[in-house]
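Residue strings, one per chain:
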Amino acid sequence: MNRRHRTRTRQKQINILHTKTQKRHSQKQVTQVVVWGSLVLAMVAVVGVGLHFGINLLLNETLYTNPRYNLSEIDIEPRGRFTEYLIRQSAHLDKGQNLWTLNLPQITKDLETLPYVSSAKVERHFPDKLTILIHERVPVVKIVGLNSDLGTRELFYLDRDRYVLKPRENETPPVLPEIIGLTNAELEPGLQLDQSSLSRALEILDAIDHSKLHTTIDIRTINLSDPLSITMTTTQDMSIRFQLDCIDEQLRRLKQVFDYADNLQRTVRTVDLTPNRNVPVTFSE
């Protein structure tokens, strides 16, 4: 009994000592791994910081401060419509700026705030040239409204997207249909008008221009005083009243009216396209 008990006690003591030794050995290994890992990470960080500053210094010397890439020429298309001074002022551009440091998206955004600019595209041409391609807003109608800044009534233009354009200085006024009926409209260059009847009127005008009717109809005024209809008067004093919708169907019916008048060899005086059936028409005597 005693021998067995002593043997078991001795084995237990040996196992406990062996376990404690293994734990100490494992903790020492973990500590060494952590220390070496920290040293490696620190070295990687130092190398990374050094590379970062080195690359920045290299780029700065070869690109960003290199006088070879200083802006010396600005090419603007279309020529003559936008002065270089206006473009430089709007886009905050100056000769001598480094081409690599220019923020092209911001320059594009600044240019598109100009009233006559629909969209712009800016390109670098190394070593020292910038090309600016501008798509202009084209006036399609004219309107007399209240200048919101000066409080006076003035003549303005509108493009297809209802953006307000101010007549250019020393420009020969184009012959355009005139919008009437928006007597209290406040106008400011670059502002987009949101009247639904105006939007429909410009759609009708565009549809006429892109149909065979454009050789027959030459619009002089577009009356928007009635919220439920649009009345257009031609240069031949013909009056045409439109609905606000179903534009294609109305133009089809209008062409039938003109074909009928041609067969009768008579001149149309008024056309009312607002009824869904039948089209009231009067003829000149």
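Residues numbered from 1 in each chain as written. Predicted model: local features only at pLDDT ≥ 70, side-chain atom pairs only at ≥ 80, totals over all residues. Heavy atoms only, no water.

A. Quick look at the packing of helix α2 (residues 84–91) against helix α3 (residues 104–111). The geometry of α2 relative to α3 is characterised by a closest axis approach of 8 Å and an angle of 115° between their N-to-C directions. Relative to α3, α2 is oriented so that their crossing is right-handed. Where α2 approaches α3, its residues Ile87, Ser90 and Ala91 are matched on the opposing element by Ile107, Asp110 and Leu111. Its residues assigned to classes, the contact of α2 with α3 shows four nonpolar, one polar and one charged. (Axes fitted to C-alpha atoms, helices over the stretch in contact; angles between N-to-C directions. Helix = DSSP H or I, 4+ residues; strand = E, 2+ residues; numbered from the N terminus. Left-handed = near helix turned anticlockwise from the far one by under 90°. Contact = heavy atoms within 4.5 Å. Nonpolar A, V, L, I, M, F, W, Y, C, P; charged D, E, K, R; others polar.)

B. Region of the structure containing the environment of Asn278. Within the secondary structure, Asn278 sits in the loop between β12 (268–272) and β13 (281–283). For the pair Asn278 and Arg253, spaced 25 residues apart in sequence, the C-alpha separation works out to 9.4 Å.

C. Examining the packing of aromatic side chains more closely. Applying the stated criterion to the full structure yields three aromatic pairs. Ring centres 5.9 Å apart and planes at 90° place the aromatic pair Tyr69 and Phe126 in the edge-to-face group. You can see Tyr69 sitting in the loop between α1 (2–64) and β1 (73–77) and its partner Phe126 sitting in the loop between β2 (117–125) and β3 (129–136), a full 57 residues away along the chain. Look at Phe126 and you get partly exposed, because its relative accessible area is 40%. Taking 4.4 Å as the distance between ring centres and 25° as the angle between the ring planes, the aromatic pair formed by Trp100 and Phe126 counts as stacked. Residue Trp100 is found in the loop between α2 and α3, and its partner Phe126 is found in the loop between β2 and β3; the two are separated by 26 residues along the sequence. For Trp100, a relative accessible area of 33% gives the class partly exposed. Of note, Arg168 hangs over the ring of Phe82, and the distance from its end group to the ring centre comes to 5.5 Å. In this structure, Arg168 packs its charged tip against the face of Tyr116, placed 3.9 Å from the ring centre. (Phe/Tyr/Trp six-rings, centres within 6.5 Å; stacked < 30°, edge-to-face > 60°. Buried < 20%, exposed > 50% of the residue type's maximum accessible area, 1.4 Å probe, protein only. Lys NZ or Arg CZ within 6 Å of the ring centre and 35° of its normal.)

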